[in-house]
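One letter stands for each residue in the lines below.
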Amino acid sequence: MKKSILLLFLFIFVFSSAKAQFSENNAIYYSDGLSIGNYFGVDVNLNYVYREKYSLKIGYIHNWREPKSQPGDYSAGLAKALLFGAADPHDQMRNYQIAVGKIYLLNESRTIRINFSVGLGYTEIKEPANWLKTESAFLAENYTWNYENRNTLSLLINPRIEFPFTTIYGLSLSPMVQINKHRTFFGIGVGQMIGLLRNRNY
């Protein structure tokens, strides 16, 4: 029993020391956000910061909007209306991204900074097409359609204004542009950051 307690305290000590040493030059945190522009969007990311100067981000972005190809007299029917539009067709653009950035501190307390991030995304575009009108009942859609899919690469430009109010929690405001040969997204988002946000020594 005494050995178990001693091992537990030893583990806690080693873990705390390793965490303290890591936080001297490094920070790692989770972030997510909502954005609005020519699409609506959500994003989730894992972020790494070195000496509050350079950043690396790996994440996922999902954008959607009402289909540009949708006929003007399209109706989802009462059955889908009860789902509050969750089952309606949407133009969708999904990005799996990796980005690098340069950080600029804007105040001495290090609670406001710009994380200017640029990266590449593997993009999946999914859009409804081949609309055919039907003689449907009141409860059903008045068109049939199917999704067309295409894949491409996107350039992602995302200068984020970050507010790490504490060392473990903060908020962000972020303009974003996603450019590829098929579609372009531009908008602005708000988000939160959770984890180790600031380096101890910087």
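Residues numbered from 1 in each chain as written. Predicted model: local features only at pLDDT ≥ 70, side-chain atom pairs only at ≥ 80, totals over all residues. Heavy atoms only, no water.

A. Just the packing of aromatic side chains, in detail. Summed over all chains, the structure comprises 8 aromatic pairs. Consider the rings of W131 and Y143, whose centres lie 6.3 Å apart with planes at 80°: the pair is edge-to-face. Taken together, the positions of W131 in strand β5 (residues 113–133) and Y143 in strand β6 (residues 143–163) put the pair 12 residues apart, joining distant regions of the chain. Looking at W131, the relative accessible area reads 15%, which means it is buried. A cation over an aromatic ring shows up here: K102 above the ring of Y54, its NZ or CZ 5.5 Å from the ring centre. Above the face of the Y104 ring, K102 is positioned so that its terminal group lies 4.8 Å from the ring centre. (Phe/Tyr/Trp six-rings, centres within 6.5 Å; stacked < 30°, edge-to-face > 60°. Helix = DSSP H or I, 4+ residues; strand = E, 2+ residues; numbered from the N terminus. Buried < 20%, exposed > 50% of the residue type's maximum accessible area, 1.4 Å probe, protein only. Lys NZ or Arg CZ within 6 Å of the ring centre and 35° of its normal.)

B. Expanded view of the nonpolar core. Ranked by size, the top nonpolar core spans 7 residues in total: Y39, I61, M93, I125, L156, M176 and F185. In terms of nonpolar packing, the next biggest core, distinct from the first, is built from 6 residues, A27, Y29, V49 and M193 among them. (Core = buried A, V, L, I, M, F, W, Y, C linked by side-chain atoms within 4.5 Å.)

C. Region of the structure containing the sheet that holds strand β4 (residues 91–105). Judged by pairing direction, the barrel is antiparallel, and its 8 strands sit side by side in the order β1-β2-β3-β4-β5-β6-β7-β8 before closing back on the first. On average, each strand axis in the sheet is inclined to that of its neighbour by 25°, with strand direction left out of account. Pairing between strand β1 (residues 26–37) and strand β2 (residues 40–50): 11 bridges, direction antiparallel. Across the sheet, S35 pairs through a bridge with G41, a residue of β2. (Pairing = 2+ DSSP bridges. Axes fitted to C-alpha atoms, helices over the stretch in contact; angles between N-to-C directions.)

D. Inspection of the pattern of salt bridges at higher detail. Scanning the entire structure with this criterion turns up 7 salt bridges. Among the ionic pairs, E162 bridges to R113, the shortest N-O distance being 2.7 Å. In this pair, E162 is assigned in strand β6 and R113 in strand β5, connecting sequence segments 49 residues apart. In this pair, the class of E162 matches that of R113, namely buried. (Salt bridge = Lys/Arg side-chain N within 4 Å of Asp/Glu carboxyl O.)

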